[in-house]
Amino acid sequence: MGLKEDGNHAYAAGEYVRAAKLYRDALAADPNNAVLYSNRCQCFLKLKDYNRAYKDAVAGINLIGDHDDKLAAKLYFRKGMALKGLGDVAKARYCFNKVLNYDATNTDAKTQMAQLGASVEVEAVTQLPQEFASMVTNEPTKAKPVTPEPVVSKSAQAEIDALFPSSKSSKKETQQPPKPSSTQTDSPQLNPLQLLTQLRRLSPEEKSRAYRYVVSLTPTDLDMFKSGVDSNFLEFYLEAIANTTDIDPQLVAQCLATLSKFPRYSLSMTMVDPKLRQAVQSKVPGARLD
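All values derive from a computational prediction rather than experimental measurement. (Residues numbered from 1 in each chain as written. Predicted model: local features only at pLDDT ≥ 70, side-chain atom pairs only at ≥ 80, totals over all residues. Heavy atoms only, no water.)

**Side note on the nonpolar core**
Spelled out, the test is: Take the buried residues of types Ala, Val, Leu, Ile, Met, Phe, Trp, Tyr and Cys, join any two whose side-chain atoms come within 4.5 Å, and each joined set is a nonpolar core. Per-residue accessibility, obtained with a 1.4 Å probe over protein chains only, is compared with the maximum for each type, and a residue is labelled buried under 20%, exposed over 50%, and partly exposed between these values. Secondary structure is summarised from DSSP: a helix means a run of H or I of at least four residues, a strand means a run of E of at least two, and numbering begins at the N terminus for each. By definition, residues are in contact when any of their heavy atoms lie within 4.5 Å.
In terms of nonpolar packing, the biggest core is built from 32 residues, with V214, Y237, L238, I241, L256 and L259 touching the most fellow members. For this core, the leading source of residues is helix α12 (residues 231-243), giving 7 residues. Ignoring sequence-local partners within four residues, the contact set of L256 consists of Y237, L238, I241, Y265, A287, R288 and L289.

**A look at the environment of A242**
Structurally, A242 is set in helix α12. Assessed through its relative accessible area of 25%, A242 is described here as partly exposed. Considering only alpha carbons, one finds A242 and K283, 41 residues apart in sequence, at a separation of 7.3 Å. Beyond its immediate chain neighbours, meaning those up to four positions away, A242 contacts L276, A279, V280 and K283.

**Here's the deal with the pattern of salt bridges**
Between side chains of opposite charge, a pair can form when the charged atoms approach closely. Quick reminder of the rule: For this document, the term salt bridge refers to a Lys or Arg side-chain nitrogen within 4 Å of an Asp or Glu carboxyl oxygen.
Per the counting criterion, the structure on display carries 5 salt bridges. Across the salt bridge formed by D25 and R24, the nearest N and O atoms sit 3.1 Å from each other. Exposure remark for D25: the relative accessible area of 32% places this residue in the partly exposed category. Judged by relative accessible area, which is 17%, R24 ranks as buried. Among the ionic pairs, D49 bridges to R52, the shortest N-O distance being 2.8 Å. Judged on exposure class, the residue D49 and its partner R52 are both buried.

**Digging into the confidence of the model for the protein chain**
So the rule is basically this: Along the chain, pLDDT gives the predictor's confidence residue by residue, from 0 to 100.
Summarising the model, the protein chain shows a mean pLDDT of 76, and 69% of its residues fall at 70 or more. Note that residues 119-125 has pLDDT below 50 and, in this model, 1 contact with residues that lie over four places away or in other chains. The low-confidence segment residues 166-193, where pLDDT is below 50, has 21 contacts with residues more than four positions distant or belonging to other chains.

**Side note on the packing of α12 against helix α15 (residues 274-283)**
Two numbers describe a pair of packed helices, the interaxial angle and the distance between the axes. In plain terms, the rule: Simply put, an axis is a line fit to the C-alpha atoms, just over the touching stretch for a helix, and the angle between two N-to-C directions goes from 0 to 180 degrees. The scheme is simple: roughly parallel for angles under 35 degrees, roughly antiparallel for over 145, roughly perpendicular for 65 to 115, oblique for anything else. Crossing chirality is assigned from the near helix's rotation relative to the far helix, an anticlockwise turn below a right angle marking it left-handed and a clockwise turn marking it right-handed. In the scheme used here, Gly and all other residues not listed as nonpolar or charged are polar, with Ala, Val, Leu, Ile, Met, Phe, Trp, Tyr, Cys and Pro taken as nonpolar and Asp, Glu, Lys and Arg as charged.
Where α12 meets α15, the closest approach of the two axes is 9 Å, and the angle between their N-to-C directions is 50°. Considering their axes alone, α12 and α15 lie oblique with respect to each other. Judged by the sense of rotation from one axis to the other, the crossing of α12 with α15 is left-handed. Residues E235, L238, E239, I241 and A242 of α12 pack against L276, A279, V280 and K283 of α15. In terms of residue class, the contact of α12 with α15 is made up of 6 nonpolar, no polar and 3 charged.

**A few points about the environment of F44**
Residue placement: F44 occurs in helix α3 (residues 34-46). On a C-alpha basis, the gap between F44 and D56 in space is 9.0 Å, while along the polypeptide they are 12 residues apart. Other than its neighbours up to four places away in sequence, F44 contacts A20, D49, R52, A53, D56, L267 and M271.

What follows is the structure, given as structure tokens:
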């Protein structure tokens, strides 16, 4: 039995992560197979990973073009479901309409179109009437809600400050500082979570320092991913482990164990290169890498 058939059986059994892995392995051997992209897309839809579902649908559509109406209809439907999950109703509606162009009797597409509702043309307004303009301009500005920053240990904050000097927080002045002039602009202050998402954008020269930083994180520092593990960060973290010589295996194992308890860890791990996982496993025996 081939990988595709194994994936189909896993999907039928409700093992969507395993099915996605099998389709991934099948795509490695047959990268131009649009059906495999369509199947893996459906796995991601079941897992509510709409970003990956969207990418797989687009990849499949690009492969087949207009040569297979039945498969195109299926891919456009799944692309529409991904866009709906991402909150892009207008583009989702467009995809469902494309499905109906291929198959006017498709009840699933009709149902989705009915749920999303018909589009409404709205006349563009470039200027408010005078009697309303004054009401708008006199309305007080609402204060933006303050988002609490993740709690980070002192050692991790020191590493952040060393790696990203612009993120250092200034000490409070004993006197009230003068108000900035209209020509001055405050430099944006990045919180640790924003900094972590930028790690993959570093230049090659900066990566070695970034690697040392992430492998020194503690389980407490990683609480910022409680709502869901960022797949880009997870891959970067594993790269750091594999490419840093003086790591603390026990600390790294604890961090991976912490991450494994958070949503999307297993799914994100399936997207990591198996060779990278093997390299980490050899350096940190017993680490949770599934």
